[in-house]
Structure formats: structure tokens, C-alpha cells
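Here's the letter readout for the chains.
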Number of protein chains: 2
Amino acid sequence: MWKVIEKGLTKDRIELNGSKFLLANGYMGYRGTLEEHTDKELAACVLSGLYDRFEDKWREPVNAPNGFYTKVYCDGVPLFAPNQNMINHVQSLDIRTGVFERSTTFAINGKKVTLNSQRFLSADDVHLMCLRYSVTAYEDCYLKIETGIDGEIWDINGPHLKNFVYKTDNKTLSLGANTIELNVPVYVSANIITDSELITEYTSSKILAIIDIPLKSGQTYQFDKMVSVYTGLDTNNPLTDSLTGCCKDNYNDALIRHKTRWEERWKTSDVVIDGDKRAQLALRYSIYHLMCIAPHHSDRVSIPARGLSGQVYKGAVFWDTEMFMLRFFILTQPEVAKNLIRYRINTLNGARRKAAEYGYKGAFFAWESQDTGDDACTLFNITDVFTNRPMRTYFRDKQVHISADVAFGIWEYYLLTGDKDVIINGGAETILECARFFLSYAYYKPYKHRYEILDVTGPDEYHERVNNNAFTNKMVEYTLKATRNALKLMWNNAPDDYDKLIHKLGCADELAIIDEFCDKLYIPQADKNGIIEQFDSYHSLEDVSLKKLKEKILNPNEYLGGGNGLATTTKILKQADVVLMLTLFSDEYSEKIKKANFDFYEPRTEHGSSLSSCIYSILASDIGDSQWGYEYFLKTAEIDLNGSSKQYVGDLYIGGTHPAANGGAWMATILGFGGVRLKESEVCISPRLPESWNSLSFCIKWKNSDFRIEITKNLVSIAASCENKANGQFNIKGSIKNCSAGDKIACHY
Amino acid sequence: MWKVIEKGLTKDRIELNGSKFLLANGYMGYRGTLEEHTDKELAACVLSGLYDRFEDKWREPVNAPNGFYTKVYCDGVPLFAPNQNMINHVQSLDIRTGVFERSTTFAINGKKVTLNSQRFLSADDVHLMCLRYSVTAYEDCYLKIETGIDGEIWDINGPHLKNFVYKTDNKTLSLGANTIELNVPVYVSANIITDSELITEYTSSKILAIIDIPLKSGQTYQFDKMVSVYTGLDTNNPLTDSLTGCCKDNYNDALIRHKTRWEERWKTSDVVIDGDKRAQLALRYSIYHLMCIAPHHSDRVSIPARGLSGQVYKGAVFWDTEMFMLRFFILTQPEVAKNLIRYRINTLNGARRKAAEYGYKGAFFAWESQDTGDDACTLFNITDVFTNRPMRTYFRDKQVHISADVAFGIWEYYLLTGDKDVIINGGAETILECARFFLSYAYYKPYKHRYEILDVTGPDEYHERVNNNAFTNKMVEYTLKATRNALKLMWNNAPDDYDKLIHKLGCADELAIIDEFCDKLYIPQADKNGIIEQFDSYHSLEDVSLKKLKEKILNPNEYLGGGNGLATTTKILKQADVVLMLTLFSDEYSEKIKKANFDFYEPRTEHGSSLSSCIYSILASDIGDSQWGYEYFLKTAEIDLNGSSKQYVGDLYIGGTHPAANGGAWMATILGFGGVRLKESEVCISPRLPESWNSLSFCIKWKNSDFRIEITKNLVSIAASCENKANGQFNIKGSIKNCSAGDKIACHY
């Protein structure tokens, strides 16, 4: 259950496979295309954290020149999959080790030739990408192999590279260029390990080594290619470092080091499902994606909404990270979670600039955050399919919950790790700045004696500019409470830093108002039927069925939200909104309320976002509806395996991988089926395994203690690690158990 | 200069002429179609104040069966203008007397016949409509005349009449029916005054008298038709009353009484322009329209946005009445103004219901007000021309300035008439209820220590749901100040009524808050360039030129506002908004600010509303730009003469007459060119006549005193009437003059 395999290849699969077979190491992502593929097949090596803007187009990540590029000619005929000469093809991704393989057989004028390749992006040295490539002939033939670095790369809003420079030296090739906007150098060097002679060729933006080989029947020719990528963000000498980087290791040793890293990751992160192979593969595949795109190496980047699978959504970081992925990392690899948190702290000034731009105080985080934290989101984000005109959307200026999501992530990280350092060094400041933003954004309604949050867009983006979105108001309340607690923590643990902070922000007199704001903030409550209205006057919208609404669709890509969208004036929602609130604040709502809202909102949810299904799955488990829980889990966990997600909104391409769904699949499993609720003082477990599952096993790291948990149909077993003086209180459906270093406890439920 | 004449007739003129040649008497309006015209030519007798809803269509005014219907057959060939037999046609409207005439000559098989008719809707007996009809033959021929009451009437959202009943008695015919929704009986009776024998015929919804006449060459046959219309809203016996009504008078006597009434009206209302015949006719034509549709007879109706020219805009009363027409009536026929004011007081409960519907206190007046004051405006008012889907607009729920407009009208009426009675009897209550509505609507912004008015649509409907629309906020401030003053007046003049009112509304504790609200309400101020921002963040919208914007139009009827409208995200505005505020509160703003805002907003105004040009004309005069002032005046004053207004928005027909523009033409003349500013304590006059005008003469009734004012190039002459102990203080460009009963004063300027 560790391999994703696909046999055969047709043109229409190339784009989806590019995402499905993604290799990545946090620093870069390499799409699951084949070595002979170029920009036309959307081959791309996406760099994390390096953004560029070309002319007035959208600013997006830079794709490095393609260091894996290799093309073989057999008797002068190019071997290219898929084409009419291809007679067999299989490609696979080993998600345990992050290794991609392909094997393709061609028949050229009756002569059979097989290409094999194996490749990986090193998890040990994130600049390194390694390829082992071989050709086997079944008849005598003459091969010409061209392998090198291809600067003609796929760009959505490019080109992003200019001034290509070349360098060759014996078996190494280098190709360098500079980004357009910031003039950052990007260097790719390749060390081609072969005994054959190489002849070097250049074209405008490509450097190639040519190998001419006569091959006898049954003979195999193989070479390794070690590629190293450095940019001016990494080093002052990207050319030297990439040249050194590609020569310092051989393929086999690099592979061993790479696999060791992956083994370490899985040790803390694997989830074993007994009894359901389909779910097992889908979940592991989701975890693979989370781990391969996570910034293990840096706190200057986070995880973009489409991971490292391309330039979609401008390579920007959305709320997805905090709300859908962070929990996984906090509980399995808190050092990565810390990087994600620190990315927000490091981009606080961008959030301050955005708040000031709109006339607010504090920090209004970017809806689409890149390197500086300034907002990459445009005001006209979608094209109207009926008029071909840009359509004004309110993602950037009205989805204020982003600042609460960031604050939530930081404080959750602290609660579950106990890491005060992050709070004292920027965390409290960031949370406080979010609270100050909301204070300057809020209004007081004298008539109702309460504060309100007006004119916002909640998670359900089909309903823009609404008042008192329940989710948003609740998240703002959380932010205000977290502010109190974070400042208290600082006051108690670092009083000098506290004083400095309050002095720096000049906000001493605001603290009392923040308290009042918190106490008088309106939080929409359940009505007599238990329904929490998604926002003011939601109930007055048209109550059309999803089916009827969809029958009105005139163009398959038409946007259902926006000014005149079909859903805009109806109760149909894009994604979990109130339901998300009920999963985040599960303890505060009765099962009756959760059930009432699930029943009410579920049939009205279009799931136009890949962030929706996992939340419905978690709430379904919470209210004991394992059927819905399982269906929504599969929908989430398999999204990148079967490529079933939306590819276009208007004329906007939104394909790629779905890290938030990947994180959602993990949450649906651990929080949903496992029924794990993590609090500051204890871990609650109320399992509700799907019928076919015999057991569910996983590790969590909670407040610096490692626990291995196994849940069967009627038993929860917990083993505490000896290593880190583990100690924790567990609450298994009401039974309180302590589990300390080396303990193994079990509890029937 | 009293006659509007049109020679010839083509099919495409019929619709426009229906409005252009309108007869009306406040109770009903009869379109300027010909007697042989039916529903196909949009013949209609529109009843004021009687509304009906058919199925789920828009509720709209009821058209009475057509009592003027008459069709002549010459040798069996029907005489119908225009058709191929018509060889000559002329029709005219005498705007001094409200009399319509037509003369049409046909050639039937070489024989010439001329139809002549003269008709009027009695200004003396508003139920009465009179027709004198004659046929002259130039060769021997055989005439068949059918004249009667045609129940097959034009309806936009009908039919509105059911259960037709007929009655004939010697020379009288009656046709009755009941409205669909409220079952109100509508009766039309006709008395045909002729010596000839009548044969009566019925068809499904038509009653006809047939006259067979052989006519000799040179001979004329003439008959009179006296028609009376009563509904169940007027009387318990509409049939009896209409039968009595059509028989009590002969044509000549009725005409004399009718003309006498018109003479009285013109006496107080005429405006004489010396030196500009075009302007003179256009202005008198505008005044004619205002006087013919005004409710002289009732305080249960007001003036709909398209007058009595049809069912367009549901026959509903908009802010147009208070803001564009009321001033004319206050100053020339205050008894009509009082009816208009009392209509609002009488519909206060409808406004209360609307406020309560949205969760507010007080009175939220209907954007489209009919008989009860409940809002006839629908949420989906326009059809998207690209998708054919209904488009959500925010006229009904966000154009809250309507309540301030109503309050403004009531208080202005008091200030300029001194009529305390209206304030004590409902006026103060209505103003207070508007203030209470705004108090419950408003928000306090702690961050800025001020109240704000959020989420409104201002007069510029292309920008919906904006915050702190300058016009709206200023009007709310006026309402709050008027509330203070109206309550003070009541307290001083009718303390018991004051106590009762405060007790009834239970709002004693709100009065102090209303004061605070007034003091701390945010009123957008001029920036360093003198520009007052139309609403928060208006300046951040795209600054496209009107020309460029119009080049993007894909469909001539596409709506420029709404969710995805071309103007929505730009600075292009539909109509005067800030500029309207500057004319209403002219004294509070410097000439520099007025000029800056005129120059800024004028090129950005699309004038998509017929309410726009007159306001620009007034402000242009105010800042001394007579060129702009004159151009915009003509655009306003000639709108119904040349039919140059928009006929469609989306697929919505919006043709008809434009009373607001008619009132605007009067305001542009008196307030603009005359430079008359009416205050509670004095009348200021700062004339700025257009170059070609030698003089401008008019009457005003100010605080129950009648004055005749003549303005020449350098002299203002004022004559006070002896009749009503006239007394007033005049301020002619700084020279203070008193003018008492019988005085004639003159002042160079």
C-alpha cells in the first residue's frame, strides 16, 4: 500500500499525472511529467518562496530550468510518450520514499527500445534532484541521447527568467538566469555521470549534452544525473554552490540519505488503517503530499494552496495552511509547524501594510500571501464567462477571517506544543495585531448593545459582503481571547518584552477596549430549531435545491458567486462555513445543534471548494453519522489520486494538488473517526471507526510528549515514548487515564 | 407658446405621442392616443391610487375601460390613423387649458373624410372626461360610427379587471368590472349626446353604440360624449355615480368650468421667459405636466414616477415627489403640496411595517410606494440581458435615504408655508419615526468616535451597498435636526399631543440618543482639493472615462449597475449624488467646493436617470456657469417633448412622462437661473439669467404670502399681493428689502 501506479498514458492524462506523481522536498516540486516532456506538457520544477512578476500579470512562483530534461532518439526517431510508437508505459510513485519511476517501451521501425528512469528530489539536501536513466535495446540500434537543462519552461504568467548564461566543464553543465522583477539569479547545474563522451550544445535557453551510442540487441545504456538548484535567495554564489552541489555525491549514496529522511518522517506521521486498503492508500498518499511540500528547511516559506505542483493560485499561501494543514504538523512534526507559524510572524509587516492600506490598525493578513506578506490577491480575480469581462470579487478586501485564522494557528500551536518561545518572540505580537485590526474593523450597534463584524466574506465565498458571518465572529472572539492569554503569558514569562511590545505598538489604552470588545461581540446563536444562521439575513435568501440551481447553469465554468452568480441570492453555499465553526469549537455546541446544522447546511452545500468535504466528514463523525463521514472522507482523501476536483473557474485554471484536502483527510481520520480532541490540559478520544475498519493506529506529539495510539472497535491503547519524558492525561469517552514515559495503557470504550 | 402640435403620424410615434399628448386631472390620465386606438396602440386611462396585482406579477395601477373609444367606418372601410388611407393628420395639446385636438383626413376609395375631435379630462370634476367628435365628408358616403367603452385595455402586468357587466339606457352606456386582487368595482358610464338613433352592441368586454349615418358631400356629423369614471375607492355606488356623473352636464359648460380651473392654476404657477421661445414652451409644458397629474382632489395619492402616463414603475411614488416636484407645489399651489405631504403621513404605517420587516424601528418608507405605503419594489428589479436571469438590485432594501427625503419634504413644507397643522397632525410623528429608523440603522465606530450610516445605496444607484454615502448621511443629519425642531414646535404648540405621541411610540429615552447621534454623525467633508467623496473608498474605484466605458457596452439595454455592471467598479455615476447634496444645502458649502465637485463629478456622470440633469443645471447656475446650466436645463425641460429618455433597462420598459424632470425644469429656472433660495426667515435672490433671456417672471407663495417676482438683466422687482396680508423679507444679493401687502419694490443687482 505504498505505491501509486499508472499504466498506459494518453495525452489527456499528462496534466493530471503531473500533479498526481509530484515529487517535492519543500524547497522545490517537480511535476510527474516524463523526462522528454517540456513546457508543452506542463513539465515544471516549481521553486518555493521565489516569486516574480512579469509586466502587469499576476505575480507567481518561478519555475527553475528543467534539470531532468532528457530526450532519446532511436535511429533518429524521438522517443516520446505518449505517441504512436509507444507500446507500453508504466509510471509509479513510491510514497514511502518519494521516488518516481517510469518504464516505457517503444517500437521504432519494428525495433523495440525501453526507457527506464528513477528519480527523486532529495529530502536530505533540498537543492539536489537525482535521476537515473537507462535505455535498453532489443534490436541493434543507434541512440542519440540529449540530456541537459531546459530553460524553456512552463509559465502561467511568465516568462520569469531573462539573461540566460551557460557554463560547461567536463561532465557538468550549468544554466543560469535572472528573474524579471527582482533580478534574483537562479542557477541549475547538472553532473552527468557516464563514461561516454559528451558533446555540449546550446540553444537560446537550453544547454544540452549529446551522447551518441550504438546499442546492441539486449544491451542497456545507463547514466546518472545529479542536479543542483540554487537561487540568489539561498546564497550569494548560486553558480558555485549548484556546481558543488551536483558533484558532491553519487546517486546511490544520495538515495540512501534521502530514504533515511523519509523513514524518519513516516515514523512519526504514518497512520495505519486495518481493514480498508482503499482508505489506507488514499490517506497515506495525502500524508505523503503534506510531507513532501512542507518547509522542513525554512521559516521564510509556507505551503501554497496547490503545494509545489505549479503556479496555480500564484503559489500563494491561503488560510488553508492554518486551518487545514497545521494541525497535522503540530501533532506529528512540530518543527515544521513552527516554520509555518514563523512564516506568518515573518510576514507580519506585510499584514500591517495591508491593514494600513484599507485604513485599519494592526494586521490584516494577505488573502494570498507570498514572500513579503503583501497581498497577491487581485480585486478582479475571475472572468465573467458571459461577457468576458473581469469580475470584481471580495476575496482580498473582505475575507477578514484570515487574520483570525492566523491568530488561531499560532495559539493552537502554543496550546498543543507548549512552545512559549514562539509566543514571546513574535507570536503574541502577531495575535495582538490581529486583534487590533478587528477592533478597528468592528462597529458598535447602540440599538442592540453589541459589537458587530460587518461587510465580510466568510468561508462560503458565494456570499460576499455579509454581516455577522457566524464563523468570522466566532474566530474574532477566539482571537480576542487568545490575545488576552498570549499577553498574560508574556507578562508572566517575559515582562520586559511585554513592556517593549506595548510601548512599540503604543496600544496600552486599547487593551481595555479589546476586553470590552470581546465581552460584547455578537456571536450568532442557534435558533429554536438549533440552526445557527450563517450570516445576517441568510434565512431570507431563496431556498432553491442544489439540483435545481445546477439546472440553471448555462456555462460549465460559470462562477456561482460574485455579483450575479446563481448561488449569490440563494441559500446554496460554496463550502462548510457554520459547519467548520462547529468542528473548530466542537465542545461549545451540543450534539443536537451540530446535528441540526449538519442536516440544514449539508444539502445546501455545493462543495465548490476542496476544503469542504473534510469538514463535513469530521462533523458527521462527531454526530455519529459514519456513512456521511466516510463518504466525505473518501472524497477528500482521493482528490489528488483521481483528479476529481474543479479545473476551471471562469477561464482561470485551478488544477494541481490539494494540500488542504490532504490535511483534511488526516483530520477526518484522526479528529473525525479517531474522535481525538486535543486540548491544553488533556487529549480526549471518542472513537467512531467506519464499519470496515478493524483498527486505526497513529502517533501524536502532544506538548513535547510522543504517544502511539491504537484504536480498535472497542479498545483504545496508548503507549507513551520513553524518550522525551512523555506525560499526558487522556480522556477516553469520560474515562480519565494518565500515561507517562514508557507506559502502555488500554481502555475499553 | 401654449400649444404642442405634431403633424403627420407614423407607427413608431404612437407610443411616444401617448405620453407627449397626455391629458390628466390627478384622478386619471388619458394617453395621447387617438379615439380609434386600443390596447395595441397603448391607449390607456390610468387611474390614480387604484392598484391591482394579477397572479405573481408586479402590482400596478389599474387602467379603466376606455370611455373615449370611437371608431368610424366609411363605406365599410375603417378610419384608422396611421394607415395607408390617411392623407393628413395633425394633433395638438393646448397646455394652457389641457385640451387635446386631432384632425385627420382619410381618402377612402377616392372619397375624402375628415375626423375631428376635441377632448379633455375635467379639472373641475375629476371623474369626468369629455369628447366632442365630428366627421366631415367631402363626397357622399355612408358612415358607421361605433363609440362606447372598451374594456380590452393595455396592461403591462395584467389583466386587472374581471366580471364585466353592462348596462344601457337610452343614450347612456355603462361598463363595470372588478379588480382581481381587492375586488374593487370600476365603473365607466358614457352619455352620448346626439340626435341619431343608437344601437347597442356588446362583446366580451366592450359595450358599443352604433350610429349609421349617410353623409352628403360637405356635411358634418358631430356628437358629444360625456364619460364618468368611479371606482369603489370613491363611492359605495360607482355605477349610480358614474351614470349621474356623465349626464349632469353638457360639453360646453363642462369645458368652461374646466378652463376656469386651469386658468386659476396658471395664475399662480406660470413662469414667463422673455427672449427664449424654446425655453418658454419647454418650461410651460413641464409645468402643465406637473399640474395635470397632481392630486388636487385627494391626500390619499401622490405623484407616481411616470405620472399618469401608464403603468410603468408600477405607478409607484418614489423620492422623485419630495425631491423634485414638491418645491414647485409648495411655492405655487401649497394645497397640493399638503396633499403630497399627507399622502406620506397617511402611509406611515406601511413604512413602519417595512422597518419592522428588516428588523428596524421607526419608519423605513417604501422605495416604490403605492396605496398602503408597503413597498412595491421587488428585490430582482432588472433582467440580466446576458443570461436572461433576474438580477438582484438593492433599491428596496438599501436606498434608505427615502426616509430622509420624506422627512425633508415635510419639514421643508413647514418652513416655507408655516403650516404648523401638518407638523402637529402627523408631520412630527413621521419625521420622528424616520429618525428612529436611522437610529436603529446606524452604527457607532469606536475607533473613530462617530456614528456611520453603512451599507446603503445613494441616488447613484450604479454603486449599491456603499458606506457613508455623503448625500445620505447629510440627509440623515437633516432628519435628526428636523426631528428636534418638529418636536420643539409640537411641545410649544400642542404639548398634550406631544406627550401622547412620545407615550404612543414609547421612545422617551431615545430622544437624548437621537441628539447624540445627530452630534456625532459622520458627514463626509471636502478634501484638500475641495472634493467630497461620494462614499467611502469611491476614490479607489477605476477612473475610466464615460466614453471608454460606453465603448465596452455589448448590449444597448445592459444595466450599467448591479452585481457585474460596467459602472459598478468605476467612478462613473448614474446621476447627481454629491452634486444634489450641494444644491440642497447650498448655503453650507463654499463656491470653491461647489465648483470643485461640479468639475469632478460632471464628466463622470452618465445621467442614466432623468433626475440628474436638472440638478447639474442648478449647481451650474449656482457657480455661475450659465452655459452648462442652460444645456442641462434644456435636457430636462424637453425630455417629454422630444422623448429623448431611456426606454428600456434590461428588458424593462420605462417609457412615459417624467414628472421629476418637469419639476426639475421649474427648479432649474427658479432656483437656478432665478437664484431663488427660500429660507424660513427670508427669500434670497441671486439671479443669473441665461444670456438670451431678457426677463423671467413668476409668482411664489411663501409663508402664506403671494409675491410676483420679475427678474431682468440687472433688476429684481417684487410685488406683494394685497389679498393675504403678504409680508416677506427679501435678500437680493446682500441687499435686504422688506415687501408687504401691496408693495412693489425693485432692486438693482
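Residues numbered from 1 in each chain as written. Chains lettered and ligands numbered in written order. Predicted model: local features only at pLDDT ≥ 70, side-chain atom pairs only at ≥ 80, totals over all residues. Heavy atoms only, no water.

Novice: So what exactly am I meant to see when it comes to the overall build of chain A here?
Specialist: Within chain A, the regular secondary structure consists of 20 helices and 33 strands. Whereas a compact globule of 749 residues would reach a radius of gyration of roughly 27 Å, chain A reaches 27 Å, a difference of no more than 12%. Overall, chain A is about 85 × 60 × 60 Å in size when its C-alpha atoms are taken along their principal axes. Expressed as a percentage of contacts within chain A between residues at least 6 apart in sequence, the contacts between residues at least 24 apart total 66%. With an accessible surface of roughly 25,700 Å², chain A has 47% of that area assigned to carbon and sulfur atoms. Computing the positive centroid from 85 side-chain charges and the negative centroid from 96, chain A places the two 2 Å apart. (Helix = DSSP H or I, 4+ residues; strand = E, 2+ residues; numbered from the N terminus. Rg over C-alpha atoms; globule rule 2.2 N^0.38 Å. Contact = heavy atoms within 4.5 Å. Areas by Shrake-Rupley, 256 points an atom, 1.4 Å probe, with all protein chains shown as cover. Lys, Arg positive; Asp, Glu negative; His and termini not counted. Charge placed at Lys NZ, Arg CZ, Asp CG, Glu CD.)

Novice: Is there a simple way to think about the pattern of salt bridges in this case?
Specialist: Residue and element names in this part refer to chain B. Tallied over the full model, the rule gives 106 salt bridges over all chains. For K474, the salt bridge goes to E477, with nearest N and O atoms at 3.3 Å. Taken together, the residues span about one helical turn, with K474 and E477 both in helix α11 (residues 470–493) at a distance of 3 residues. The buried category is assigned to K474, whose relative accessible area is 6%. (Salt bridge = Lys/Arg side-chain N within 4 Å of Asp/Glu carboxyl O. Buried < 20%, exposed > 50% of the residue type's maximum accessible area, 1.4 Å probe, protein only.)

Novice: Teacher, can you tell me more about the interface of chain A and chain B here?
Specialist: In many analyses, interface size is given as the accessible surface area lost on bringing the parts together. Tallying the contact residues gives 33 residues for chain A and 33 residues for chain B. Between chain A and chain B, a total of about 2,700 Å² is buried, with carbon and sulfur atoms accounting for 52% of that surface. Looking at the side of chain A facing chain B, the largest losses of area belong to A:R389, A:Y443 and A:N564, adding up to 26% of the total buried there. Taken together, the links from chain A to chain B amount to 2 salt bridges. The set of elements that each furnish at least two residues to the side of chain A that touches chain B consists of β21 (390–392), α10 (420–441), β22 (443–445) and β23 (450–452) of chain A. Considered class by class, the residues forming the side of chain A that touches chain B number 16 nonpolar, 7 polar and 10 charged. (Buried area = accessible area lost by both parts, 1.4 Å probe. Nonpolar A, V, L, I, M, F, W, Y, C, P; charged D, E, K, R; others polar.)

Novice: How do you make sense of helix α11 (residues 470–493) of chain A when you look at a structure like this?
Specialist: Since the α-helix turns once every 3.6 residues, residues separated by three or four places project in the same direction. Taking 1.5 Å as the rise per residue, α11(A) with 24 residues should run 34 Å; its terminal C-alpha atoms sit 34 Å apart, in good agreement. The buried count for α11(A) comes to 17 of 24 residues, which makes it a mostly enclosed element. (Expected span 1.5 Å × (residues − 1).)

Novice: What is the right way to read the relation of the copies chain A and chain B from this model?
Specialist: To go from the first copy of the chain to the second, apply a rotation about an axis and then a shift along the same axis. Superposing chain A onto chain B takes a rotation of 180° plus a shift of 0.0 Å along the axis, which leaves an RMSD of 0.1 Å. Expressed as an axis order, the relation between the two copies is that of a two-fold axis. The C-alpha atom lying nearest the rotation axis in chain A is that of A:G563; the distance is 1.7 Å. The share of interface residues of chain A whose copies in chain B are also at the interface is 100%, consistent with both copies meeting through the same surface. (Least-squares fit on C-alpha atoms with pLDDT ≥ 70 in both.)

Novice: Can you help me understand unusual backbone geometry in this one?
Specialist: Following A:G158, the chain continues to A:P159 via a peptide bond in cis, the omega torsion being 5°. Each neighbour pair has its own omega, and for B:A81 with B:P82 the value is -5°, a cis peptide bond. Inspection of the secondary structure assignment puts B:P82 in the loop between β7 (77–78) and β8 (86–94). The backbone phi angle of A:N183 is positive, close to 60°, even though this residue is not glycine. Turning to its location among the elements, A:N183 is positioned in the loop between β14 (172–179) and β15 (185–193). Judged by its relative accessible area of 43%, A:N183 falls in the partly exposed class.

Novice: Help me out: how do you make sense of the layout of surface pockets in this one?
Specialist: Rolled over the atoms, a probe as big as a water molecule pinpoints where empty space is left. Residue and element names in this part refer to chain B. In this model, the second largest pocket occupies a volume close to 920 Å³. Together, 48 residues line the second largest pocket, and R306, Y313, K574, V649 and I654 are the ones closest to its centre. Secondary-structure elements contributing two or more residues to the lining of the second largest pocket are β20 (380–383), α18 (626–637) and β25 (652–653). Element by element, the count of residues in the lining of the second largest pocket is highest for β20, at 4 residues. Of the residues assigned to the lining of the second largest pocket, the class counts are 21 nonpolar, 16 polar and 11 charged. (1 Å grid on protein atoms, 1.4 Å probe; cavity = no way out; pocket = protein on both sides within 12 Å on 5 of 7 lines; lining within 4 Å. Points joined across faces, edges and corners; volume = space filled by probe spheres on them.)

Novice: When you look at the sheet that holds strand β18 (residues 220–231) of chain B in this model, what are you seeing that I'm missing?
Specialist: In a beta sheet, neighbouring strands pair by backbone hydrogen bonds and run either parallel or antiparallel. Residue and element names in this part refer to chain B. Within the open sheet, the 9 strands sit side by side as β1-β8-β9-β10-β11-β18-β15-β14-β13. Their pairing is antiparallel. Unpaired on one side and paired on the other, β1 (3–7) and β13 (161–169) mark the two borders of the sheet. Between one strand axis and the next, the sheet turns through 15° on average, direction left out of account. Pairing geometry for strand β15 (residues 185–193) and β18, over 8 bridges, is antiparallel. Residue pairing for β18: A190 is matched across the bridge by V227. Across the sheet, helix α2 (residues 238–247) touches β11 (128–137), β13, β14 (172–179), β15 and β18, and the angle it forms with β15 is around 25°. (Pairing = 2+ DSSP bridges. Axes fitted to C-alpha atoms, helices over the stretch in contact; angles between N-to-C directions.)

Novice: For this particular structure, what's the right way to read the packing of helix α3 (residues 251–269) of chain A against helix α4 (residues 277–293) of chain A?
Specialist: Helix packing geometry: the angle between the two helix axes and the distance between the axes. Residues and elements named next belong to chain A. Where α3 meets α4, the closest approach of the two axes is 11 Å, and the angle between their N-to-C directions is 125°. On the basis of the axis angle, α3 is oblique to α4. For α3 against α4, the interelement crossing comes out right-handed. In contact with W262, R265, W266 and S269 of α3, α4 contributes R284, I287, Y288, M291 and C292. Partitioned by chemical class, the residues of the contact of α3 with α4 number 6 nonpolar, 1 polar and 2 charged. (Parallel < 35°, antiparallel > 145°, perpendicular 65-115°, else oblique. Left-handed = near helix turned anticlockwise from the far one by under 90°.)

Novice: I keep staring at the pairing of strand β4 (residues 45–52) of chain A and nothing clicks. Help me out?
Specialist: The side chains of a regular strand alternate between both faces of the sheet. All names here are of chain A. Most of β4 is tucked away: 8 of the 8 residues are buried. Strand direction decides the pairing type here: strand β3 (residues 28–30) and β4, joined by 3 bridges, are antiparallel. Each residue of the ladder has a partner; that of Y30, found in β4, is C45.

Novice: Looking at this model, I keep getting lost on the side chain of A:K20. Mind explaining?
Specialist: Residue and element names in this part refer to chain A. Along the chain, K20 turns up in helix α1 (residues 11–20). Residue class for K20 comes out buried when judged on its relative accessible area of 10%. In terms of polar contacts, K20 uses its side chain to reach the backbone carbonyl oxygen of L641, at 3.4 Å. (Polar contact = N/O pair within 3.5 Å; in protein donor to acceptor, adjacent residues only side chain to side chain.)

Novice: What's the story with the sheet that holds strand β16 (residues 199–203) of chain B in this structure? I'm lost.
Specialist: Residues and elements named next belong to chain B. The sheet built from 5 strands is open, its strands ordered β7-β6-β12-β17-β16 with antiparallel pairing. The strands lining the two open edges of the sheet, one partner per strand, are β7 and β16. Note: strand β6 (residues 70–74) against β7, 2 bridges, orientation antiparallel. The residue of β7 that forms the bridge with C74 is V77.

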